[in-house]
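So the chains spell out like this:
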Amino acid sequence: MEEKAFQDYYPEELSHCYGCGSLNDAGLHIKSYWEGEESVARLTPQPYHIATPGFVYGGLIASLIDCHGVGTAAAATCRAEGRAMDEEPRLRFVTASLKVDYIHPTPLGVPLEARGKTKEIGKRKVVVSVEVSAEGTLCARGEVIAVRMPETMKLKDPVTDSQ
C-alpha cells in the first residue's frame, strides 16, 4: 500500500489550494511525507515556471515552502497529539507568516527537494523551517508560521452554495 501524503488527508471542501490542493487541476499538487523527523516534498518545475532562461520563478519556491510548511504543521500536530491524520475533525492549517530567503539561483528542469523541520508546536500555532535544494545545492530557506484554519475561512463554496 502506498503511503498517503499529508495533503491527502485534507477535507475535500478544503482541497482547492493552487500549491497543494488535489481538486485544483491547474495546481502544483505538492505532496509531503515524513522521512524520520523531517518532512520532505519533491517537485520538478516545468518550463513555464521560468524566471529567466534556465532558472525557476521565485514565487514557485515560495509556494513550495508555504504548502510544504502548512502540511508539515498539520502532520506534526497530529504526531504531537497522538492522533491519526484521518481522525475527525481533520486538521487544516493556513499561513500566518511566510519568510523566504533565496540563497542560490534555482535551476529549471531538475527535481527540487523541500525538507521541513518543526521548530515549535503550540495549541494554535506551529513554526516550520524549510530548506529547498536542487541537486544537493541549497537554493532557498524559509520559515512558515502556520495556524489552525479559523472557522471564518470555512465558508460555503460561492459557486455551488450561492444564495
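Everything below is about the structure shown above.
Residues numbered from 1 in each chain as written. Predicted model: local features only at pLDDT ≥ 70, side-chain atom pairs only at ≥ 80, totals over all residues. Heavy atoms only, no water.

Some points on the overall build of the chain
When helices and strands are counted, the chain shows one helix and eight strands. In summary, the chain has a C-alpha radius of gyration of 16 Å against a globular reference of 15 Å for 163 residues, a match within 12%. Projecting the C-alpha coordinates of the chain onto the three principal axes gives extents of approximately 45 × 40 × 35 Å. Considering only contacts in the chain between residues 6 or more positions apart, those separated by 24 or more positions represent 63%. Here the chain has roughly 9,100 Å² of accessible surface; of this, 53% comes from carbon and sulfur atoms. (Helix = DSSP H or I, 4+ residues; strand = E, 2+ residues; numbered from the N terminus. Rg over C-alpha atoms; globule rule 2.2 N^0.38 Å. Contact = heavy atoms within 4.5 Å. Areas by Shrake-Rupley, 256 points an atom, 1.4 Å probe, with all protein chains shown as cover.)

Some thoughts on the pairing of strand β1 (residues 32–35)
The side-chain alternation of β1 yields one buried face, formed by Ser-32 and Trp-34, and one unburied face, formed by Tyr-33 and Glu-35. Note that β1 and strand β2 (residues 38–43) share four bridges and pair antiparallel. Its bridge partner being in β2, Trp-34 is matched across the sheet by Ser-39. Hairpin connection of β1 to β2: two residues between the antiparallel strands, including Gly-36 at a positive phi of 70 degrees. (Buried < 20%, exposed > 50% of the residue type's maximum accessible area, 1.4 Å probe, protein only. Pairing = 2+ DSSP bridges.)

A look at the packing of aromatic side chains
A complete count under the given rule lists one aromatic pair for this structure. Here Lys-4 stacks its cationic end above the ring of Tyr-9, 4.5 Å away from the centre of that ring. Across the ring face of Trp-34, the terminal group of Arg-79 is positioned such that the distance to the ring centre comes to 3.8 Å. (Phe/Tyr/Trp six-rings, centres within 6.5 Å; stacked < 30°, edge-to-face > 60°. Lys NZ or Arg CZ within 6 Å of the ring centre and 35° of its normal.)

Side note on the pattern of salt bridges
If you walk through the whole model with that rule in mind, you get 15 salt bridges. Residue Lys-99 is joined to Asp-101 by a salt bridge in which the shortest nitrogen-to-oxygen separation is 2.8 Å. Take Lys-99: its relative accessible area is 45%, and that puts it in the partly exposed class. Judged by relative accessible area, Asp-101 falls into the partly exposed class, the value being 34%. Residue Lys-125 pairs with Glu-120 through a salt bridge whose shortest N-O separation is 3.6 Å. Residue Lys-125 is classed as partly exposed on the basis of its relative accessible area, which comes to 35%. Its relative accessible area of 38% is what places Glu-120 among the partly exposed residues. Several salt bridges converge on common partners, so that one network encompasses Glu-35, Glu-38, Arg-42, Glu-113, Arg-115 and Lys-117. (Salt bridge = Lys/Arg side-chain N within 4 Å of Asp/Glu carboxyl O.)

With respect to the nonpolar core
If you look at the biggest cluster of nonpolar residues, it comprises 36 residues, and the most contacted ones within it are Ile-30, Ile-61, Leu-64, Ile-65, Met-85, Phe-93 and Val-132. Those elements that place two or more of their residues in this core are β2, α1 (58–81), β6 (112–121), β7 (125–134) and β8 (137–148). Here this core gets 11 residues from one element, more than from any other, and that element is α1. Ile-65 has contacts with Leu-98, Val-100, Val-130, Val-132, Ala-140, Arg-141, Gly-142 and Val-144, leaving out every residue within four places of it along the chain. (Core = buried A, V, L, I, M, F, W, Y, C linked by side-chain atoms within 4.5 Å.)

Structural notes on the sheet that holds β8
Overall, antiparallel pairing links the six strands, which are arranged β1-β2-β6-β7-β8-β5 in an open sheet. With partners counted over all chains shown, the strands left at the sheet margins are β1 and β5 (93–102), one partner each. In this sheet, adjacent strand axes meet at a mean angle of 25 degrees when their direction is disregarded. Inspection of the sheet shows β7 paired to β8 by 10 bridges, in the antiparallel sense. Each residue of the ladder has a partner; that of Ala-134, found in β8, is Thr-137. Here α1 sits on the sheet and contacts β1, β2, β5, β6, β7 and β8; the angle it forms with β5, its principal contact strand, is near 130 degrees. (Axes fitted to C-alpha atoms, helices over the stretch in contact; angles between N-to-C directions.)

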